[in-house]
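Geometric and topological summary
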Amino acid sequence: MAPSRALFTTTTTALRQLRPPNTRLNPIQSRFISAYGYEQAKCLTFPKYGEPKDVLSLHSHSISPPHGDLVTIRFLASPINPADINQIQGVYPTKPTFTTSLSTSDPIAVGGNEGVAEVISTGSKVKDVQKGDWVILKKQGFGTWRTHAQTTMENLVVIKNKEGLRPEQVGTVSVNPCTAYRMLKDFVDLAPREWFIQNGANSGVGRAAIQLGKLWGYKSINIVRKRESGMEELKQDLQSLGADMVVTDEEVEKKDFRDRVKEATNGGREPIRLGLNCVGGSLVNAMAKHLAPDSHMVTYGAMSKQPVQLPTGLLIFKNISFDGFWVSRWSEQKPEEKEACVQEVLDLTREGKFKDTPMQPLTWNWDTKQDELVQAAQGTLEGFRSGKGIFVFGET
Ligand SMILES: NC(=O)c1ccc[n+]([C@@H]2O[C@H](COP(=O)([O-])OP(=O)(O)OC[C@H]3O[C@@H](n4cnc5c(N)ncnc54)[C@H](OP(=O)(O)O)[C@@H]3O)[C@@H](O)[C@H]2O)c1
């Protein structure tokens, strides 16, 4: 197969042979770079679908200097989202690109879909971006668990004002906050003091929904899974973001929950008109019972892997609509709105009005071992985590 124009590489072996006379040690990055401007890159890749621990491996290759409209980027931060794991397992609708353009004989794909990178060099025809700019990816499927990549501007969005922002904040803006933003705005025209109810409230999306909802004057009932320890701290954490009510999944199924909701919503005069579901199972029915007539229940995830059974009475007598939302489809259909959403959330972040989700960063240096990186990915779908996994690139 011919090497792709967008990602032209030379084999590491070949470059290594050139190294002694033609390379120098970069004192900041503590690794060899070619005197001819070749970048050495590493990426976490998989040759076939499977569990991350079984299929992921660290691959090295080199990237030639950019020419024409090519841009070489160095990643700064790339989160490990649940969807990234589903993609590696082969159960996610967006398929990765399996390619031999990274100097392998058999095709491999690079893991990860979200992240922020810094432009380190550009071809002579590139006008819209310059060295030092930060960029995020326009679409899913690029492969962001990598130290470097080469591409064209059609795959990138430039972050217009990065001042005052950390890579972890910019690298996690385009999926979870945008998902929460659109689900709060696009299904129901909520008025201030009206309510939404959500499960998975401590997830990245859930936390974003609490904060955006609060800023727009909406009230929220937030459901988290019951845990053996740390429940009170979690409640306080979500309340500090703006949650009006935080309850466990067990409390929602109890008989007195209806009375608690009635009291909180001023006897029902402040209606609950929107539900957000990323868990599934019987919990969704328990939530839907509290929705006002003509409300919407939007499903965007299925963390419990349990199906949602539609309660027919609520469909017939209360005209509840059950919808789905997928940020990837929305991003492809409305790229300008996506850029505006990203900029708005980043402005709020800079102003201290939007807090990023708790994270478990793993620093990815040139010498970081494959096992550490694979372990970080494998742990993502384990529940009760203290934060979202994210690769933060150090000396690469
Ligand atoms: N449709 C879209 O466009 C879109 C966009 C973004 C995200 N998503 C989906 O939204 C969900 C959350 O993503 P995220 O990145 O915000 O998550 P995250 O920050 O990584 O948090 C994971 C969440 O899932 C919960 N969870 C884990 N295992 C669970 C289980 N077996 N049953 C019930 N809950 C469980 C966790 O609760 P505990 O703390 O109790 O474990 C936590 O609230 C995922 O399903 C993701 O794929 C969809």
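In this text the structure is predicted, and so the values were computed from the model without any measurement.

1. A short note on the site of the ligand
What surrounds the ligand is a group of 24 residues, the closest being Asn-202, Arg-225, Val-327, Phe-384 and Lys-388. Between the ligand and the protein, one listed contact pairs an oxygen atom with a side-chain N or O atom of Arg-227 at 2.8 Å. Contact distances for the ligand include 3.5 Å between a nitrogen atom and a backbone N or O atom of Met-303. Against a free-state accessible area of 920 Å², the protein chains account for coverage of 86% of the ligand. Secondary-structure elements contributing two or more residues to the shell around the ligand are helix H5 (176–186) and helix H6 (204–215). The residue inventory of the shell around the ligand, partitioned by class, reads twelve nonpolar, nine polar and three charged. Mapped onto the domain boundaries, the shell around the ligand takes at least three residues apiece from domain 1 (5–172 + 357–393) and domain 2 (176–328).

2. Points about the environment of Ala-191
Structurally, the position occupied by Ala-191 is in the loop between H5 and strand E12 (195–198). Its relative accessible area of 30% is what places Ala-191 among the partly exposed residues. In this structure the C-alpha to C-alpha distance between Ala-191 and Lys-219, which are 28 residues apart in sequence, comes to 9.8 Å.

3. Observations concerning the UniProt feature "domain: Enoyl reductase (ER)" (unreviewed entry) in the chain
According to UniProt, the "domain: Enoyl reductase (ER)" (unreviewed entry) feature falls on residues 53–393. Counted over residues 53–393, helix gives 31% and strand 23%. Its end C-alpha atoms are 21 Å apart.

4. Considering the packing of H6 against helix H7 (residues 231–241)
Running from N to C, H6 and H7 cross one another at 40°; their axes reach a closest spacing of 8 Å. Overall, the two elements H6 and H7 adopt an arrangement that is oblique. Across the interface between the two elements, Arg-207, Ile-210, Gln-211 and Lys-214 from H6 touch Leu-234, Asp-237, Leu-238 and Leu-241 from H7. Looking at side-chain class alone, the contact of H6 with H7 contains four nonpolar, one polar and three charged residues.

5. Observations concerning the pattern of salt bridges
All told, the structure shown has 16 salt bridges when counted by the stated rule. With a closest N to O distance of 3.4 Å, Lys-53 and Asp-54 form a salt bridge. Residue classification places Lys-53 among the exposed positions, given a relative accessible area of 53%. In this structure, Arg-166 and Asp-356 form a salt bridge, with 3.2 Å as the shortest nitrogen-oxygen distance. Note that Arg-166 is positioned in the loop between strand E11 (156–158) and helix H4 (167–170) and Asp-356 in the loop between helix H13 (335–350) and strand E18 (359–364), a separation of 190 residues in sequence. When its relative accessible area of 40% is taken as the criterion, Arg-166 is described as partly exposed.

6. Points about the domain arrangement of the chain
Parsing the chain into structural domains produces domain 1 (5–172 + 357–393) and domain 2 (176–328). Computed over C-alpha atoms only, the centres of domain 1 and domain 2 are separated by 35 Å. Between domain 1 and domain 2 the total buried area reaches about 850 Å² when both faces are included, carbon and sulfur atoms providing 56% of it. Counting every contact that joins domain 1 to domain 2 gives zero salt bridges. The interface formed by domain 1 and domain 2 includes two residue pairs in polar contact (both at pLDDT 80 or more).

The rules behind each value
Residues numbered from 1 in each chain as written. Predicted model: local features only at pLDDT ≥ 70, side-chain atom pairs only at ≥ 80, totals over all residues. Heavy atoms only, no water. Near = heavy atom within 4 Å. Polar contact = N/O pair within 3.5 Å; in protein donor to acceptor, adjacent residues only side chain to side chain. Areas by Shrake-Rupley, 256 points an atom, 1.4 Å probe, with all protein chains shown as cover. Helix = DSSP H or I, 4+ residues; strand = E, 2+ residues; numbered from the N terminus. Nonpolar A, V, L, I, M, F, W, Y, C, P; charged D, E, K, R; others polar. Domains from an automatic or database assignment. Buried < 20%, exposed > 50% of the residue type's maximum accessible area, 1.4 Å probe, protein only. UniProt positions renumbered as here; feature names shortened; annotations may be inferred. Axes fitted to C-alpha atoms, helices over the stretch in contact; angles between N-to-C directions. Parallel < 35°, antiparallel > 145°, perpendicular 65-115°, else oblique. Contact = heavy atoms within 4.5 Å. Salt bridge = Lys/Arg side-chain N within 4 Å of Asp/Glu carboxyl O. Buried area = accessible area lost by both parts, 1.4 Å probe.

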